[in-house]
Every structure is written in structure tokens, then in C-alpha cells.
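# Descriptive analysis of the structure
These are the residues of each chain, in order.
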Amino acid sequence: MQGIVIQGPTNYCREIIDCYQNIPNVVFSTWDDEPQENIDYIKSKNIDVLQTSKPLFAGYLNINYQTLSTCAGLDNLRKKGVTEVLKIRGDLKLNNVKLLLDILKNKSISFLSICKPDIRPLYYELIYQHTSFDFPGDFLIYGSIENLEKCFSFQIEQESPIPPESLIAYSYFLNSNLEFKLDYSIFIQNGITFFAQECLDNNIEIEWLKKSKNDMEWKNILNHAADKNLYNY
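Only a predicted model underlies this, so the values are computations on that prediction, with no experimental measurement involved.

Right, let's talk about the state of the cysteines for a bit. Inspection of the entire model under this criterion finds zero disulfides. Cysteine 19 supplies the cysteine sulfur nearest to cysteine 13, a cysteine that is in no disulfide, at a spacing of 12 Å.

Structural data, given as C-alpha cells:
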């Protein structure tokens, strides 16, 4: 049985929530300080809302916010008998949620795409020294509920400029007892898949509302995340 965790602030709830009409097992996992009018609006659309207290330490690019609220959503769906979950940001608008769920069904763990090595260099240390941004995007992640728990069951304790996507991937490898390496071929060898091509083939569009109001490229994140010059999938 499939479910969806919409994760993050409720700023764009009026723009996105109708996308989930008639989709079962959807939960919006957000914070206890969100505007009550947004919470009421989401609930009026028969979408369950979870409100969690924010962690004291946000972490780099709010990674602790993302992992905590995602895990709250996963726990809620597990109790309902859900076995596979799409985790999606609360500022993304899908043109066809049902079709995307049909495409993703039975995928054990799947990311949209993974950045090619040395496209956007950044020096940081994650167990080893690494000099490229070849991480899988965390816009949408799909998989068994157990595998998503492996991705998100952590909190960091100190500020470090490691992209959240890298930490999520690292957590999955660590909790799966796999040797970690941010490399497309290693991901494929370990049963991780990517679904950007299937989105393209089926005319799935994903608008990043936070960005699209100022840059039309983000009317569909596949304009970027499916660019073969930048990403593997």
C-alpha cells in the first residue's frame, strides 16, 4: 500500500493541496508554529496534518528539520499499514500524482537523479574527503517505508557544509551496511534507481513554487534535474 509524506512549511498549501485529491494515505508533516489558517485549509481537503516541534538545532540547510518531520510522517503512515512512501517537499506541485505513484510502485529505493561528478565543486569532508557535488537530489524520494527510514533517521549535532542530500544518501548506505560512495554506478550496483527518465517519458511535471515565481526554468524541475550534462539517471 502506497502513501505520501508532504514535508515542510505550509506556505504553498493552497497551490499544491488539490494535486492530492482522491489520493489515499497522504499526510502533511509540518511544524507546530505554522499558521492555523493553513492547517485548517489542509484539513478541509481531507489531508491529515502532523505538527511537530522544531528541533533546537536546525543543521546545515535545515537538514534536521527535514529528517525530523519526514520521520514523523513515515511513522504515521506505518501505523496505517502503508508499505511504500513518496516523500515530497511542501513547495513542489505535481501535475499528475496518481500517475507518478503508478510509475514508482514496487521501487525499493529511488531518487529523481544524481548529479555528475565535478559539476559543482565544493570541498567538504564526509568520512572521507570529497570534491564534487555528485549527490542524489532530495526533491522527491520514493521507496519502501523501511528504506526511507534508513534515509531519514538521523539528526546532526554540529554545523557543517555537507549538502543534506549527501547526508540522506550516507544515512541510507550506513543503515543498510553498504560501503558508502557518492557515485552513480555504486548506487545502481546497490539496487538504487532513478526515475527522471520515467517522468520525462510520461510527461510528469514538477513545479518548484518557491523558485518558479522568479525563474521560469523551475516551472518544471526536470528542466534542471534531467539535464544530461549535469545529471545521471
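The discussion continues.
Moving on, we get to the packing of aromatic side chains. Within the structure shown, the criterion is met by 11 aromatic pairs. Ring geometry for phenylalanine 187 and phenylalanine 194: centres 6.1 Å apart, planes at 35°, overall tilted. By the burial criterion, phenylalanine 187 is buried, and phenylalanine 194 matches it. Taking 5.2 Å as the distance between ring centres and 90° as the angle between the ring planes, the aromatic pair formed by tryptophan 208 and tryptophan 218 counts as edge-to-face. On the criterion of sequence distance, the pair formed by tryptophan 208 in strand S12 (residues 206-208) and tryptophan 218 in the loop between helix H9 (209-212) and helix H10 (222-225) is long-range, its members being 10 residues apart. A residue is classified by how much of its surface remains accessible, and tryptophan 208, at 10% relative accessible area, is buried.

Analysis parameters
- Note that residues are indexed from 1 along each chain, following the sequence as it is written.
- A pLDDT threshold of at least 70 governs which residues receive local features in this predicted model, and a stricter bar of 80 or more applies before side-chain atom pairs are shown or counted, although totals over entire chains, interfaces and linings include all residues.
- Here the side-chain values reflect all heavy atoms present in the structure, with hydrogen atoms and water set aside.
- Cysteine sulfur pairs qualify as disulfides if the two atoms are within 2.5 Å.
- Two rings from Phe, Tyr or Trp (for Trp, the six-membered ring) form a pair when their centres sit within 6.5 Å of each other. Planes less than 30 degrees apart are called stacked, planes more than 60 degrees apart edge-to-face, and all others tilted.
- Note on exposure labels: buried denotes an accessible area under 20% of the residue type's maximum, exposed denotes more than 50%, and partly exposed covers the range between, all computed with a 1.4 Å probe on protein chains only.
- Under the DSSP-based scheme used, a helix requires at least four consecutive residues in state H or I and a strand at least two consecutive residues in state E, with every element numbered from the N terminus.

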